[in-house]
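One-letter residues, chain by chain:
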Amino acid sequence: MAALLKPTPIDLRRGEPTPLNVVPMTPPVEATLRILLNSVPYLIGAAVVRQPAVGDAVAATVGRMPWLFDRRLLTLQLPDDSLPANRAVTLDWPVPYQAEWVGVPPRLLISRLVAMDKTVGVLLGTLITREPMQIQAREALDLSCELIAAAVGSESVLTGLASSAPQRPGELIVLPEPAAEVEAETPPDPAEVDQAERDRAIVEQVAKALDELTDARSIGRILRDAMNVITTIDSFSISLFNQNRQEVAYRYKVVGSDPESAAIGRQPVDDGLSAYAARRDRRWHAYVRQIALKTTDGLTSRAVSVLQFPLVAADEVFGIATLQAFGDKEFPDRETRLAARVLDISSDRLAAVRRAGQFQPSSPSAAPSSHRGGSAPSGQGDFAPSDPHAAQVTAPSDAPAAQATAPSDPPAAAVAPAAVASTAGPMQTTDEVLSGLLRACESIGLPTTFMVGIDPGAGVIRGELVSGSESARELDYALGISGGRFSVPATDRYNAIARACRERRVILSPMLHEIVHPLRTSSAAAALEQIVGGGKSTVVPIVVSNDVVGALVIGPSADEVPFIMIERVRGIVDAAAAKLAAIWKANG
């Protein structure tokens, strides 16, 4: 790509440029370009050049595009490996007549448009900022590239068909009708027919099983078994949104019985209102994330394929269904479409129980037995295999189950006994204590936190857990905290986390560079501050039985944490340390 777009000396003298041959754009391309300009901040112009290029012909242009007078950009022949398909990148490209621009010259935005596995054009844009692009703008830009590529690709097919027919001046081009089939149609494949029958039987069986269900847990168990028959998964979950508060009111989750699958459940996936799938831009959303697994050799990273479906009823997205499986391979298309069909027929019933607040059975006898179309990812458990009757209601503030079922909570006597017993159950695990520590910080108004642990054998400090805020997720994406990639030497003199652990005291860090040193340079840390919205952090060491085992990092944020809030956090950390000491003593 660098060789193809290497700038060469160009004539920047003022003068009348040669007029361009601008082809009238079709309404879909024009509308998508204008939507793109309104969706991406600091984008003031865009143009589409067909591939293969035909002279200086530009398919569409909107706004200010000074680069269109640079003929090199109009005759680009981009190989398939030069740029990612339908994904935009920014380049520093000389702008003709730079004296007209005030301050820093704009950057060239370029994307290779691909439709039907073929490069059909190049999208060019004028971006007047040097700041990193926000994730929402990036998603809007990628979606617009796919829409423009589809429109240009379909138009190129029609143009090719029309050009193949001879045309006289003033004569209307009529595309030939497809020839009638002379031979008999090819008989369908028996295997495909059998598979279609099995898929239809699964859909009918799920629809019949949902007829008499009146609570979200029972519906979740039916869908869990159905998804396990449809495809191979290691985790299945459903999140239902609150009608009044912008949060998840209920979450049903089941994971496998093996320790690796349990790690998927402990490291949360974004299935709230801010998730990409909740925007309903597509029927489903698939991506790959990394999770950290604890082994005898330390932390290791594993790829997990995630497939999310928005739950829609009455043109409203009221929840998300999430399927996860180890590996970075995509879910098969047939299985994905069948899972979407099953979730579509269950959406109305889930929406009804969500409106009524019926998240769990009113009594143990009312819970219907789930049919077994195949072995579920996890025996009977809803949160972990070791707790088959765990409470199903969750809330971001970790409120009691009886309070998290708003807006129409059932009476206290109607709540499942397991939801009450879970608050007074057996001793917590280490992961539960640490996760509770992050949730406790969120409940007192500190949404962005993350946790690190000391590996004395390796002499490093490793990332462990992050909170659920958007800033924390951006930080985790950049540094790999939950994936185990965030690792700093315990003896580093300039890292604030290492210094707080060595000196056993609270450290206030005014810049994010002190937290991420030496993993990131100062310029990279400054750019990351722009993404997460601040760089001020507070590091609180975690001391268990007079040994520093890790640290809690509050932030980064734009404001400093008040002293009173720091004292509250120290009390929460001390309480968690006492629980850890008791757990480790009991385990020998």
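Residues numbered from 1 in each chain as written. Predicted model: local features only at pLDDT ≥ 70, side-chain atom pairs only at ≥ 80, totals over all residues. Heavy atoms only, no water.

**Notes on the overall build of the protein chain**
Stage number 1. The helix and strand inventory of the protein chain stands at 14 helices and 18 strands.
Stage number 2. Looking at the protein chain as a whole, 45% of its 588 residues are labelled buried.
Stage number 3. When the accessible surface of the protein chain is totalled, it reaches about 29600 Å², and 55% of it is carbon and sulfur. (Helix = DSSP H or I, 4+ residues; strand = E, 2+ residues; numbered from the N terminus. Buried < 20%, exposed > 50% of the residue type's maximum accessible area, 1.4 Å probe, protein only. Areas by Shrake-Rupley, 256 points an atom, 1.4 Å probe, with all protein chains shown as cover.)

**Examining the sheet that holds strand β9 (residues 248-255)**
Stage number 1. Taken in spatial order, the 5 strands of this open sheet run β9-β8-β12-β11-β10, and their pairing is antiparallel. Looking at strand neighbours, the two that pair on one side only are β9 and β10 (285-295), the edges of this open sheet. In this sheet, neighbouring strand axes are inclined to one another by 20° on average, regardless of whether the strands run parallel or antiparallel.
Stage number 2. The pairing of strand β8 (residues 235-241) with β9 spans 7 bridges and is classified as antiparallel. Bridged to S237 within β9 is K253.
Stage number 3. The sheet strands contacting helix α6 (residues 259-266) are β8, β9, β10, β11 (298-313) and β12 (316-326), and the helix crosses β10 at an angle near 115°. (Pairing = 2+ DSSP bridges. Axes fitted to C-alpha atoms, helices over the stretch in contact; angles between N-to-C directions. Contact = heavy atoms within 4.5 Å.)

**A look at the sheet that holds strand β6 (residues 107-115)**
Stage number 1. Read from one edge of the open sheet, 5 strands run β4-β2-β7-β6-β5, paired in antiparallel fashion. Only two strands of the sheet have a single neighbouring strand rather than two, namely β4 (60-63) and β5 (88-91). Taking the axes of each pair of neighbouring strands and ignoring which way they run, one obtains an average angle of 20° across the sheet.
Stage number 2. Bridge analysis of strand β2 (residues 43-50) against strand β7 (residues 118-127) gives 7 bridges, and the strand direction is antiparallel.

**Notes on the packing of helix α5 (residues 216-230) against helix α7 (residues 333-356)**
Stage number 1. Close contact between α5 and α7 brings their axes to 11 Å; oriented N to C, the two are set at 175°. Here α5 is positioned roughly antiparallel relative to α7, judged by the angle of their axes. Residues A216, I219, L223, A226, M227 and I230 of α5 pack against R334, E335, L338, A339, V342, L343, S346, R349, L350 and V353 of α7.
Stage number 2. Taken together, the residues of the contact of α5 with α7 break down into 12 nonpolar, 1 polar and 3 charged. (Parallel < 35°, antiparallel > 145°, perpendicular 65-115°, else oblique. Nonpolar A, V, L, I, M, F, W, Y, C, P; charged D, E, K, R; others polar.)

**Describing the confidence of the model for the protein chain**
Stage number 1. Per-residue confidence for the protein chain gives a mean pLDDT of 75; residues scoring 70 or more make up 75%.
Stage number 2. Across the protein chain, the secondary-structure element scoring lowest on mean pLDDT is helix α8 (residues 417-421), at 33, and the one scoring highest is strand β17 (residues 536-544), at 93.
Stage number 3. Every residue in residues 160-165 is under pLDDT 50, and counting partners more than four places away or in other chains gives 3 contacts.
Stage number 4. Every residue in residues 167-177 scores below 50 in pLDDT, and together they form 4 contacts with partners more than four places removed in sequence or on other chains. (pLDDT = per-residue confidence, 0-100.)

**Some words on the pattern of salt bridges**
Stage number 1. Following the criterion strictly, the structure yields 14 salt bridges and no others.
Stage number 2. Of the charged contacts, one joins R302 and E260 as a salt bridge, the two residues approaching to 3.0 Å between their closest N and O atoms. Taken together, the positions of R302 in strand β11 and E260 in helix α6 put the pair 42 residues apart, joining distant regions of the chain.
Stage number 3. For E260, a relative accessible area of 35% corresponds to the partly exposed category.
Stage number 4. Among the salt bridges present, the one from R473 reaches D270, with a minimum N-O distance of 3.6 Å. (Salt bridge = Lys/Arg side-chain N within 4 Å of Asp/Glu carboxyl O.)

**What about the pairing of β11?**
Stage number 1. In this structure, β10 lies alongside β11, joined through 11 bridges in antiparallel fashion. Residue Q290 lies in a different strand from β11, and its bridge partner there is A303.
Stage number 2. The turn linking β10 back onto β11 is made up of 2 residues.
Stage number 3. Across 10 bridges, β11 lies against β12 in antiparallel orientation. Bridging across to β12, F309 finds its partner in A321.

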